[in-house]
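A closer look at the structure
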Amino acid sequence: MATRVRPSNKRCAVIGGSGFLGRHLVEKLLDRGYSVSVFDIRQSYELPGVAFHLGDLCDKQALLPAMKDVSLVFHCASPAPASDDRGLFERVNIQGTRIVIQACIEAGVQKLVLTSSASVVFEGTDIKNGREDLPYAKKPIDYYTETKIEQEKLVLEACDKEKGLLTVAIRPHGIFGPRDPQLVPILVDAARRGKMKFIIGDGTNLVDFTFVENVVHGHILAAERLRPDSPICGKPYHITNDEPVKFWDFMSDVLVGLGYAAPRYHLPYALVYGLALLLWLLALILRPLVSFKPTFTPMRVALAGTHHYYNCERAKQDLGYKPVVGLKDGIARTVQSYPHLRQGA
Ligand SMILES: NC(=O)C1=CN([C@@H]2O[C@H](COP(=O)(O)OP(=O)(O)OC[C@H]3O[C@@H](n4cnc5c(N)ncnc54)[C@H](OP(=O)(O)O)[C@@H]3O)[C@@H](O)[C@H]2O)C=CC1
Ligand SMILES: CC(C)=CCC[C@@H](C)[C@H]1CC[C@H]2C3=C(CC[C@]12C)[C@@]1(C)CCC(=O)C[C@@H]1CC3
């Protein structure tokens, strides 16, 4: 009779490990003595001690080898939020997550840590110091958010001590740091095209931006505290820098750090939101004829002009979480890591 090898609790798999957050997580896990399998649709780097498994997470047969003898799985893969492809989000974030859960059960994985998003409660209006017990958004602002809600519910409902799979969801917000492919590059692209002269609204709205190493820290704490008797089973946790900042101050610090001018002129929020909505509709109607992607989508305008910051007291209490890198330091390290995006480079 074949004997089943009991997975070592230092063997883990990172689904989405080639991405921005995934790669930072892999690096920290290696530092902490874990051996890591990465499952991703692409391979973006090589590292000693990391075994890559390439494939689509919707394919269980492709996933299973990455989970062999693994006790802990991190699921941080998702299509990019900027995509407008509803079918893709539903396939990867909802159906794919069901498959990830089935594969975990089949492979005998004991713990599944999902990277969710604090945006699962965001409907485009102010959230100030939001706690985890806020209801899920009834009118999510885009397909990304809509499918992140369903994904989180699936993972948390899969937490079953009898079946031996424990789950937890981390809800980060506005992740930034070296190698981020969206926030800084999109911002610099807009600045280079002369589109970052304006502040949407009065510029006083507070937002969480979270340095990537803090997000990684939250994930690892959650994984290590996830045990049958711990209060964290089946729960979501906000992980932020715990330093809400004015959205436009953060943007200005990054822009000025990279040698661009800070936005100065104010535009009314309702006007910009209305224009972004019109442009989005126009892009949708004209899609069969011409393809253009507006920089200021309704989702980005909503994020730029409202308060959205979250309370992370639950993570402090249950996980012993405390940010390891402050906002000022995080911005400086981020700016330094993008020499090619500096003004004039
Ligand atoms: N960035 C942020 O501000 C925030 C992110 N999050 C969440 O954090 C997680 C990580 O985000 P981030 O690192 O920024 O994103 P990235 O796009 O950098 O990383 C996601 C990775 O998953 C891969 N992937 C996508 N689809 C599949 C698939 N079907 N099968 C296997 N791999 C796939 C991507 O490949 P490819 O690039 O080829 O698509 C990419 O390598 C996501 O779940 C996201 O929802 C939550 C809050 C904020
Ligand atoms: C309007 C403007 C100035 C845009 C430039 C910056 C934006 C690209 C980012 C500002 C807030 C960011 C953000 C996300 C993506 C990038 C921004 C829109 C997320 C949508 C990424 C995925 C999530 O789960 C939530 C994030 C909220 C903040």
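Here is what the cut-offs are and how they apply
Residues numbered from 1 in each chain as written. Chains lettered and ligands numbered in written order. Predicted model: local features only at pLDDT ≥ 70, side-chain atom pairs only at ≥ 80, totals over all residues. Heavy atoms only, no water. Disulfide = S-S within 2.5 Å. Buried < 20%, exposed > 50% of the residue type's maximum accessible area, 1.4 Å probe, protein only. UniProt positions renumbered as here; feature names shortened; annotations may be inferred. Helix = DSSP H or I, 4+ residues; strand = E, 2+ residues; numbered from the N terminus. Axes fitted to C-alpha atoms, helices over the stretch in contact; angles between N-to-C directions. Left-handed = near helix turned anticlockwise from the far one by under 90°. Contact = heavy atoms within 4.5 Å. Nonpolar A, V, L, I, M, F, W, Y, C, P; charged D, E, K, R; others polar. Near = heavy atom within 4 Å. Polar contact = N/O pair within 3.5 Å; in protein donor to acceptor, adjacent residues only side chain to side chain. Areas by Shrake-Rupley, 256 points an atom, 1.4 Å probe, with all protein chains shown as cover.

1. Digging into the state of the cysteines
Here the structure, examined in full by the defined rule, presents zero disulfides. Not part of a disulfide, cysteine 233 finds its nearest cysteine sulfur in cysteine 159, a span of 4.6 Å. Relative accessible area serves as the criterion here: at 14%, cysteine 233 is assigned to the buried category. Lacking any disulfide linkage, cysteine 312 is separated from the closest cysteine sulfur, that of cysteine 76, by 20 Å.

2. Describing the UniProt feature "domain: 3-beta hydroxysteroid dehydrogenase/isomerase" (unreviewed entry) in the chain
Residues annotated by UniProt as "domain: 3-beta hydroxysteroid dehydrogenase/isomerase" (unreviewed entry) correspond here to residues 13-264. The span residues 13-264 shows a helical share of 35% and a strand share of 20%, and its end C-alpha atoms are spaced 45 Å apart.

3. Considering the packing of helix 7 (residues 247-257) against helix 11 (residues 327-336)
At a minimum axis distance of 9 Å, the contact between helix 7 and helix 11 shows a crossing angle of 35 degrees. When you trace helix 7 past helix 11, the crossing you get is right-handed. In this structure, helix 7 contributes Phe250, Asp253, Val254 and Gly257 to the contact, and helix 11 contributes Leu327, Ile331 and Val335. Classifying every residue of the contact of helix 7 with helix 11 by side-chain character gives five nonpolar, one polar and one charged.

4. Quick notes on the UniProt feature "transmembrane region" (unreviewed entry) in the chain
UniProt annotation of "transmembrane region" (unreviewed entry) refers to residues 270-290 when read in the numbering used here. Strand forms 0% of residues 270-290 and helix 81%; the C-alpha atoms that close the span are 27 Å apart.

5. Regarding the site of ligand 2
Taken together, 15 residues are adjacent to ligand 2, and Ser117, Ser119, Tyr144, Gln182 and Phe296 come closest. At a separation of 2.7 Å, an oxygen atom of ligand 2 approaches a polar side-chain atom of tyrosine 144. For ligand 2, whose unbound accessible area comes to 600 Å², protein coverage reaches 93%. Those elements that provide at least two residues to the shell around ligand 2 are helix 7 and helix 9 (298-305). By residue number, the principal contributor to the shell around ligand 2 is helix 9, which donates four residues. A class-by-class count of the residues in the shell around ligand 2 yields ten nonpolar, four polar and one charged.

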